[in-house]
Protein chains: 2
Amino acid sequence: MAANKDNFCVIMGGGIGSRFWPFSRKTLPKQFLDFFGTGRSLLQQTFDRFRKIIPAENILIVTNAMYADLVKEQLPELSDEQILLEPTRRNTAPCIAWASYHIRALHPDANIVVAPSDHLILKEEEFLEAIRKGLEFVSQSDKLLTLGIKPNRPETGYGYIQIDEPVGENFYKVKTFTEKPELELAKVFVESGEFYWNSGLFMWNVNTIIRAGELLLPELAAKLGPGEKVYGTPEEKQFIEENFPACPNVSIDFGVMEKADNVYVSLGDFGWSDLGTWSSLYDLSPKDVDGNVVLKCQTLLYNCRNNIVTMPSGKLAVIDGLEGYLVAESDNVLLICKKDEEHAIRKYVNDTQMKLGEDYI
Amino acid sequence: MAANKDNFCVIMGGGIGSRFWPFSRKTLPKQFLDFFGTGRSLLQQTFDRFRKIIPAENILIVTNAMYADLVKEQLPELSDEQILLEPTRRNTAPCIAWASYHIRALHPDANIVVAPSDHLILKEEEFLEAIRKGLEFVSQSDKLLTLGIKPNRPETGYGYIQIDEPVGENFYKVKTFTEKPELELAKVFVESGEFYWNSGLFMWNVNTIIRAGELLLPELAAKLGPGEKVYGTPEEKQFIEENFPACPNVSIDFGVMEKADNVYVSLGDFGWSDLGTWSSLYDLSPKDVDGNVVLKCQTLLYNCRNNIVTMPSGKLAVIDGLEGYLVAESDNVLLICKKDEEHAIRKYVNDTQMKLGEDYI
């Protein structure tokens, strides 16, 4: 099937992935890593996936300026015009707003799929079919569409979407977005059949999202809207450098999706994971008889249960008597902590930065 | 005080130090490492120490042929003639026998101190004074002398020497040598005041030890004794290559000291440790308020107590929730195990060698 030239893809690749520190480093975050040793990083996999249904020249990467070289190295197919470099770290709303204005200048009636760069999709065919149908759905109406994932467990690490009435095969109006729930509530969500995981992947027509932004995030629109005449021209870079840093730090979920009244969800089961935590990586990975997960490295494990161990490839870890731990080494940092206390990783990163500086971040 | 030209020192430096794996590696064993970051390895410290009372040219290193380059690199002061290279790994009796025959050929009435290359001595002045007096003691009589250390705790990792009647200031006849005791027995030993740690450091006249060897280890004497005419000549190397591998694998303690009837002990308190185990290193090292010992590396420790952590210098270990563990990384191996289960290290080394080969040993 020929790719629809009206369809665009925006891959968001500016995160620093600190929850996977020290495996993910500020200079080489999660999306640039090949987690499972497949030969392609998560970003490359994301690009490879969308290229099957979106014209390659319509795929844009928005990332932080400090990752420009990494993106070019990993995706040499991209022209410089396809890489939008944020001069400073903001949240997803400014990222998506800029990409939307930029695309509208090139292609005033584009349909866009916006995707994170660091998620895992195991059922690619089903996924791409859902994206195709979703882009068609948003091309025909001024609806904001998000992808909802059928939950297979009461995961407390994800946000949930409650569905309302169906509006077509697999399309539903969204009733509410909810934050990450406590375990008891997550169990109720899953049993109800009404709640789906929020994947953070969106589809819409470029005019629909720009209108929604103008309505719901006027402060943001006031910063980036006036650049209409420079987007897609050599002046765009300077305009962004002057205005992007002044954009409000707000997520697209909080700023738009949770507030708009034209939000719909497409449902599916794609073998999806946001790979957000070591625990999610543990859950996804093959285990030995004692429930240990070993990524990339050699290990000899004695009296060890339910650990996740990752070291630079070729290294050997000999471990005796650990249960439920994460042992992760990368470059000049070794981290050993309880696998279920990984929310503390942000604290470790902050402490490390404060006490020892950037070399270990 | 001028060094006595009749005095020789034999430093035994051929061990592989597997109890300190992975810090100590087959290609770079314990004696070649600078454990405390002082700038000198244990071997270099041993040499530096004896050079203060023994003429430098009278100090010999006996080591395995595979460590020849390491010894020359660490002790460039030594001439090739001062390095005796064992073609194969034997125990201490063949090592000492060869060194004794070799020295007698050069200096027929030499007094010799034989010392391990990998021990720690904190009170150097007291130690050297005891060596001086010991060498004088053995120069005047055909006695085998060993150095006994006043025990400061009921250590179960050392052998003990029971003393008999005194024969002079700090010199006693030895009543028995004992193997490493259980804790209860070790407590009795220490309380009795009759038992001293066996340091594995010996002094004797060259003729005394050769006679003792001929009497108590005739099989060994039969192999190395016939080389009398080649020791100290260019033919020595070939003679050793032919005969050394056929020597019985026996320790000087078991083969001579425990059986001879002319064994004496000189007592002292020298801040001595054989650095035989991670635990002994832990005991000797400065600790943080939670009882953690950190060697060489950077650490951020949370909820950690009584651990010992060593990583390559410059590396950072972030550890949360370990108590009583050893975390040791060197080169391509990381070891995590309970600090008091370190007798298992031999098992780890064996398993690693069997399953993964020499690269990790």
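Residues numbered from 1 in each chain as written. Chains lettered and ligands numbered in written order. Predicted model: local features only at pLDDT ≥ 70, side-chain atom pairs only at ≥ 80, totals over all residues. Heavy atoms only, no water.

Caption draft 1: Highlighting unusual backbone geometry. Cis geometry marks the peptide bond from A:Trp21 to A:Pro22; its omega dihedral reads 5°. Of note in this structure, A:Asp331 is not a glycine but carries a positive phi near 50°. If you trace the backbone, A:Asp331 turns up in the loop between β16 (325-330) and β17 (333-338). With phi around 60°, B:Asn306 is a residue other than glycine that occupies positive phi space. Turning to its location among the elements, B:Asn306 is positioned in the loop between β13 (298-302) and β14 (308-310). B:Asn306 sits in the partly exposed class, given a relative accessible area of 31%. (Helix = DSSP H or I, 4+ residues; strand = E, 2+ residues; numbered from the N terminus. Buried < 20%, exposed > 50% of the residue type's maximum accessible area, 1.4 Å probe, protein only.)

Caption draft 2: Looking closely at the environment of B:Pro151. Residue and element names in this part refer to chain B. Inspection of the secondary structure assignment puts Pro 151 in the loop between β6 (144-149) and β7 (160-168). Residues Pro 151 and Val 190, spaced 39 residues apart in sequence, show a C-alpha to C-alpha distance of 6.5 Å. When neighbours within four sequence positions are excluded, Pro 151 is seen to be in contact with Tyr 160, Val 190, Phe 195, Tyr 196 and Trp 197. (Contact = heavy atoms within 4.5 Å.)

Caption draft 3: Structural context of the pattern of salt bridges. All names here are of chain B. Counted according to the given criterion, the structure contains 34 salt bridges over all chains. For Lys 26, the salt bridge is made with Glu 358, and the minimal N-O distance between the two is 3.6 Å. On the criterion of sequence distance, the pair formed by Lys 26 in the loop between β1 (7-12) and α1 (42-51) and Glu 358 in the segment after α11 (345-356) is long-range, its members being 332 residues apart. When its relative accessible area of 27% is taken as the criterion, Lys 26 is described as partly exposed. Across the pair Arg 305 and Glu 323 runs a salt bridge, and its minimum N-O distance is 3.7 Å. Taken together, the residues span a long stretch of sequence, with Arg 305 in the loop between β13 and β14 and Glu 323 in the loop between β15 (316-320) and β16 (325-330) at a distance of 18 residues. Relative accessible area serves as the criterion here: at 39%, Arg 305 is assigned to the partly exposed category. (Salt bridge = Lys/Arg side-chain N within 4 Å of Asp/Glu carboxyl O.)

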